[in-house]
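Descriptive structure summary
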Amino acid sequence: MTAIASAVLMAELDDAMNDRSPARRVEILRQVTNLFLADVDRLNPVQIEVFDDVLVRLIERSEARTLAQLSANLSGLTLAPRDAVRKLAFHEDASVAAPVLRRSDRLSDEDLVEVANTGGQEHLLAISGRDTLSESLSDVLVVRGDSVVRGTLAQNSGARFSEAAYESLVRDAERDDGLTEKLGRRQDIPIRLLEELVAKASARARARIFQSASPDMLEIIKVAVAKEAERAATLQPKPVDYTESLRTVIELNRKGKLNDQSVNRFAVQGEYPSVVAALALLTTVPVEAIESLIRNPQLDGLMVACKAARLNWSTAAMIIHNRPGCVSASKPQVERAREMFETLVLSTAQRTVRIWSEEKSGREKRLVG
């Protein structure tokens, strides 16, 4: 950039700043950007600083659509003006901030952490796709990021996580097969957390982890699966004695007090033998059948029993959320259960439980015979 060109440009810039025409400012920004891009490899630090001052002034008065293109142009430049890049990175419009957040090496880790602490999810998503991410930066993204951000982080091999961040991701993975698969393919996940991840994974997610694991990781995963099988064998639930619970619900029923309200109270207080006994009495289904529905991760059968027992959705939901020894149902699972419950006809539900009862009785007779 010659001295004459610089002088002309600065004069035009001053005019543009005083001009209320957005088109004029856009044109000046375009000229400045093109001039910088054409000469960037020949500019010294002082000249780059001049461009930096010019661009910052223009950024403050330019529209987001124009700045998004500037951000894209500067994002991959090693010598991009630092203050201008930082100004773009902190822009509230994600279309402006995202290109430099995703690619620019002119942003310090402190800059990125600050944006991660204050920006929206699209800002966080852009940062999570960077080639490298420090532990401190990843920790913020794990805490503030939504499921899309966390999934992107999990599959980013350049991201480094603290053990606390890994623990948080592994907990989330209990309800997200996609996240489970991404974490299972990482080479740096602590072994104890990999074991926990695989132990709690669905059969589908576990199979996919097996398919993509390296030989070394595969051996660790096999050990984790074996440990979980051994642990599960020692944790078989002890048979529950329903004698007292049945006596309680029979007495409530005799007094006309076995109803939606009483079953809801049992669920809230965690009195699940009473919940099972109440559903069994209200549906005339054996307690063993109701018990298996309570423990089943698939909620369809439980919803049929709740409907047949004339419970309302509030009580059915309370039963779902407080089941002892069961993994918490995900939001989509609960929504599907609600849709089924509300569309299920009472007579259909009652006919279905009668079939269950008859089948149970028939099996018992065949065993006796």
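Residues numbered from 1 in each chain as written. Predicted model: local features only at pLDDT ≥ 70, side-chain atom pairs only at ≥ 80, totals over all residues. Heavy atoms only, no water.

1. A few points about the overall build of the protein chain
When you go through the protein chain residue by residue, the secondary structure sums to 23 helices and 0 strands. Put simply, of all contacts in the protein chain between residues at least 6 apart along the chain, 62% involve residues at least 24 apart. When the accessible surface of the protein chain is split by element, carbon and sulfur atoms take 51% of a total near 20000 Å². (Helix = DSSP H or I, 4+ residues; strand = E, 2+ residues; numbered from the N terminus. Contact = heavy atoms within 4.5 Å. Areas by Shrake-Rupley, 256 points an atom, 1.4 Å probe, with all protein chains shown as cover.)

2. Looking at the pattern of salt bridges
Throughout the structure, instances matching the rule amount to 20 salt bridges. For Glu60, the salt bridge identified is with Lys87, shortest N-O distance 3.4 Å. Of this pair, Glu60 sits in the loop between α3 (45-59) and α4 (64-75) while Lys87 sits in helix α5 (residues 82-89), and the two are 27 residues apart along the sequence. A residue is classified by how much of its surface remains accessible, and Glu60, at 51% relative accessible area, is exposed. Among the salt bridges present, the one from Glu251 reaches Lys255, with a minimum N-O distance of 3.7 Å. Three or more residues joined by partner-sharing salt bridges are found here, namely Asp177, Glu181, Arg204 and Arg208. (Salt bridge = Lys/Arg side-chain N within 4 Å of Asp/Glu carboxyl O. Buried < 20%, exposed > 50% of the residue type's maximum accessible area, 1.4 Å probe, protein only.)

3. Some thoughts on empty space enclosed by the protein
Empty space among the atoms becomes apparent when a probe as large as a water molecule is rolled across them. Following the criterion strictly, the structure yields 1 cavity of 30 Å³ or more and no others. Counted as a void, the largest cavity has a volume near 40 Å³. Taken together, Val170, Ala173, Glu174, Thr180, Glu196, Leu197, Lys200 and Ala201 form the lining of the largest cavity. Elements supplying a minimum of two residues to the lining of the largest cavity: α11 (163-173) and α13 (191-200). Here the lining of the largest cavity gets 3 residues from one element, more than from any other, and that element is α13. The class makeup of the residues in the lining of the largest cavity is 4 nonpolar, 1 polar and 3 charged. (1 Å grid on protein atoms, 1.4 Å probe; cavity = no way out; pocket = protein on both sides within 12 Å on 5 of 7 lines; lining within 4 Å. Points joined across faces, edges and corners; volume = space filled by probe spheres on them. Nonpolar A, V, L, I, M, F, W, Y, C, P; charged D, E, K, R; others polar.)

4. Topic: the confidence of the model for the protein chain
Residues of the protein chain with pLDDT of at least 70 account for 88%, and the chain-wide mean is 86. Confidence drops under pLDDT 50 across residues 364-369; counting only partners more than four residues distant or on other chains, this segment forms 0 contacts. (pLDDT = per-residue confidence, 0-100.)

5. A word on unusual backbone geometry
The bulk of non-glycine residues show a negative phi, and the bulk of peptide bonds are trans. The backbone phi angle of Thr284 is positive, close to 55°, even though this residue is not glycine. For Thr284, the location among the structural elements is in the loop between α18 (272-283) and α19 (287-295). Positive phi is not limited to glycine here, since Arg310 has a value of about 65°. Along the chain, the position of Arg310 falls in the loop between α20 (300-308) and α21 (313-321).

6. Description of the packing of α11 against helix α12 (residues 177-184)
Taken N-terminus to C-terminus, the directions of α11 and α12 make an angle of 140°; their axes are 8 Å apart at the nearest point. Relative to α12, the element α11 lies oblique. On α12, the residues touching Tyr166, Leu169, Val170, Asp172 and Ala173 of α11 are Asp177, Leu179, Thr180 and Leu183. Taken together, the residues that form the contact of α11 with α12 break down as 6 nonpolar, 1 polar and 2 charged. (Axes fitted to C-alpha atoms, helices over the stretch in contact; angles between N-to-C directions. Parallel < 35°, antiparallel > 145°, perpendicular 65-115°, else oblique.)

7. Let's talk about the environment of Leu246
For Leu246, the position within the fold is in helix α16 (residues 243-254). Residue classification places Leu246 among the partly exposed residues on the basis of a relative accessible area of 28%. For Leu246, the residues in contact, after removing those within four places along its chain, are Ala277 and Val287.

8. Quick notes on the nonpolar core
Grouped together as the largest cluster of nonpolar side chains are 62 residues, with contacts concentrated most on Leu101, Ile127, Leu141 and Leu183. Here the element with the most residues in this core is α3; it accounts for 7 residues. With residues up to four places along the chain from it excluded, the contact list for Ile127 reads Leu101, Leu112, Val115, Ala116, Leu133, Leu137 and Leu141. Judged by nonpolar contacts, the second largest core, of 40 residues, contains Val287, Ile319, Ile320 and Leu344. (Core = buried A, V, L, I, M, F, W, Y, C linked by side-chain atoms within 4.5 Å.)

9. Quick notes on the side chain of Arg186
Within the secondary structure layout, Arg186 lies in the loop between α12 and α13. The class of Arg186 is buried, set by a relative accessible area of 5%. Looking at Arg186, its side chain comes within polar contact range of the side chain of Tyr166, at 2.7 Å. Of note is the side chain of Arg186, whose polar atom sits 3.1 Å from the side chain of Asp188. (Polar contact = N/O pair within 3.5 Å; in protein donor to acceptor, adjacent residues only side chain to side chain.)

10. Quick word on the packing of aromatic side chains
All chains considered together, the criterion is met by 3 aromatic pairs. Note on Phe36 and Phe51: the rings are 5.2 Å apart at their centroids and 65° apart in plane angle, and the pair reads as edge-to-face. Taken together, the positions of Phe36 in helix α2 (residues 22-39) and Phe51 in helix α3 put the pair 15 residues apart, joining distant regions of the chain. When sorted by exposure, Phe36 lands in the same class as Phe51, which is buried. Look at Trp313 and Phe341: their rings are 5.8 Å apart centre to centre, the planes differ by 50°, and that puts the pair in the tilted class. Of this pair, Trp313 sits in helix α21 while Phe341 sits in helix α22 (residues 331-343), and the two are 28 residues apart along the sequence. The buried category is assigned to Phe341, whose relative accessible area is 4%. (Phe/Tyr/Trp six-rings, centres within 6.5 Å; stacked < 30°, edge-to-face > 60°.)

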